Amino acid sequence: MNEHHDKIVIKFEDNDTSTTSNPIQVSTAAPETTGFVIDTQAPAKIDELTEDLSIPFGHQNAMLDDVMPDFDFANPATDPVKLAHKLINIVRVKKALGISANQLGLPYRVFVMQSDPVFVCFNPVVTYYSDDGAVLDEACLSWPGVGVKIKRPVSIRVRFKDPYGNACTKQFTGMAARVFQHEFDHLNGIRYYDRAVPFHKERFKKNWKKVVRFIKNRAK
Ligand SMILES: [Zn+2]
């Protein structure tokens, strides 16, 4: 099932903006570091590629309905640096813009955002949303192949912790703000299509049924 799954993944890439009525640009202005920067251009190592990188489908992953509890750096349930690397490997191999731990069935309040640099965001909090909104097609590795038009604020201010437990405060605009909000929703049990207007939500449901049917037929 997973190899079929992989073949129909539509990545959440920058060029998605070409299909939107209100394209926005990624802010490239002086990215600050979080103390956790990796070379995202380097080819993935073989052991990274052979590790299990499968992503369960959204309708089969009950963890996507749950609010993930804060990660406890004082008493960590798993190694946060290893967890960060696993998430980074996945976005890199899948050429995605972000992924949250609970998309992989891992019950931790953390996501990775493919950006420059890569941000690994533990215990994220949004402290400010701008009043302006932009409509953009969003895709998700948990519901591969089905984009949905969603309106979200263009800019946000956020707090989170890096994998070493250091507190970070950032302002994001454009695609980075979009990805942050999408992944942040995952950690709060909110699905991206729940943010869509009813017309687009209904269209999502129909299209997702088609994808599931397609996958079942391919598996026969
Ligand atoms: Zn998603």
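Just so we're clear, the structure is a prediction, and the values are computed from it rather than from any experiment.

Procedures and definitions
Residues numbered from 1 in each chain as written. Predicted model: local features only at pLDDT ≥ 70, side-chain atom pairs only at ≥ 80, totals over all residues. Helix = DSSP H or I, 4+ residues; strand = E, 2+ residues; numbered from the N terminus. Buried ≥ 20, exposed ≤ 12 C-beta atoms within 10 Å, placed from the backbone. Contact = placed C-beta atoms within 7 Å. Pairing = 2+ DSSP bridges. Expected span 1.5 Å × (residues − 1). Axes fitted to C-alpha atoms, helices over the stretch in contact; angles between N-to-C directions. Core = buried A, V, L, I, M, F, W, Y, C linked by C-beta atoms within 7 Å. pLDDT = per-residue confidence, 0-100.

### Some details on the environment of Ile90
Item 1. With respect to the helices and strands, the residue Ile90 is situated in helix H3 (residues 80-93).
Item 2. Overall, Ile90 belongs to the buried group, with 22 C-beta atoms counted inside 10 Å.
Item 3. In this structure the C-alpha to C-alpha distance between Ile90 and Ser54, which are 36 residues apart in sequence, comes to 8.8 Å.
Item 4. Ile90 has contacts with Leu53 and Ile99, leaving out every residue within four places of it along the chain.

### Looking at the pairing of strand E7 (residues 167-173)
Item 1. In terms of strand pairing, strand E6 (residues 155-161) meets E7 through 7 bridges, oriented antiparallel. Residue pairing across strands places Arg157 opposite Gln171, the latter belonging to E7.
Item 2. Hairpin remark: E6 followed by E7, antiparallel, with 5 residues in the connecting loop; positive phi at Gly165, about 90 degrees.

### Notes on helix H4 (residues 175-187)
Item 1. With 13 residues, H4 extends 19 Å from end C-alpha to end C-alpha; this agrees with the ideal 18 Å at 1.5 Å per step.
Item 2. The element H4 is extensively covered by neighbouring structure, given that 13 of its 13 residues are classed as buried.
Item 3. After H4 finishes, the residue Gly189 shows a positive phi value of roughly 75 degrees.

### A look at the sheet that holds E6
Sheet strands line up and pair through hydrogen bonds in the backbone, either parallel or antiparallel.
Item 1. With respect to topology, 5 strands assemble into an open sheet ordered E1-E2-E3-E6-E7, the strand pairing being antiparallel. If you trace the sheet from one side to the other, it starts and ends with strand E1 (98-100) and E7, each paired once. Averaged over all pairs of adjacent strands, the angle between their axes in this sheet comes to 40 degrees, without regard to strand direction.
Item 2. The sheet strands contacting H3 are E1, strand E2 (110-113) and strand E3 (119-129), and the helix crosses E2 at an angle near 45 degrees.

### Examining the nonpolar core
Item 1. Counting 47 residues, the largest nonpolar core has Leu87, Val110, Val112, Met113, Val120 and Phe180 as its most contacted members.
Item 2. Among the elements of the structure, H3, E2, E3, strand E4 (133-138), strand E5 (148-153), E6 and H4 are those that each provide at least two residues to this core.
Item 3. Examining the composition of this core, we find that 7 residues originate from one element, H4, more than from any other.

### Things to note about unusual backbone geometry
Across the chain, the bulk of peptide bonds are trans and the bulk of non-glycine residues have phi less than zero.
Item 1. Phi is positive for Lys95, which is not a glycine, with a value near 55 degrees.
Item 2. Counting through the fold element by element, Lys95 comes out in the loop between H3 and E1.
Item 3. Despite not being glycine, Asn123 has its phi angle at roughly 50 degrees, a positive value.
Item 4. Looking at where Asn123 falls in the secondary structure, it is placed in strand E3.

### Some details on H3
Spacing of three or four residues puts side chains on the same side of an α-helix, whose turn is 3.6 residues.
Item 1. In this model H3 runs 20 Å from its N-terminal to its C-terminal C-alpha over 14 residues, within 8% of the 20 Å that 1.5 Å per residue would give.
Item 2. With 10 of its 14 residues buried, H3 lies for the most part within the structure.
Item 3. In the segment just after H3, Lys95 is the residue with positive phi, at about 55 degrees.

### Notes on the confidence of the model for the protein
Item 1. For the protein, the average pLDDT comes to 82, and 76% of its residues sit at 70 or higher.
Item 2. Below pLDDT 50 for its whole length, residues 1-40 participates in 75 contacts with residues either more than four positions away or in separate chains.

### Brief notes about the environment of His200
Item 1. Within the secondary structure, His200 is located in helix H5 (residues 198-219).
Item 2. Residues His200 and Val148, 52 residues apart in the sequence, show an inter-C-alpha distance of 6.6 Å.
Item 3. In this view, His200 contacts Val148 and Lys149; residues no more than four positions away in its chain are not counted.

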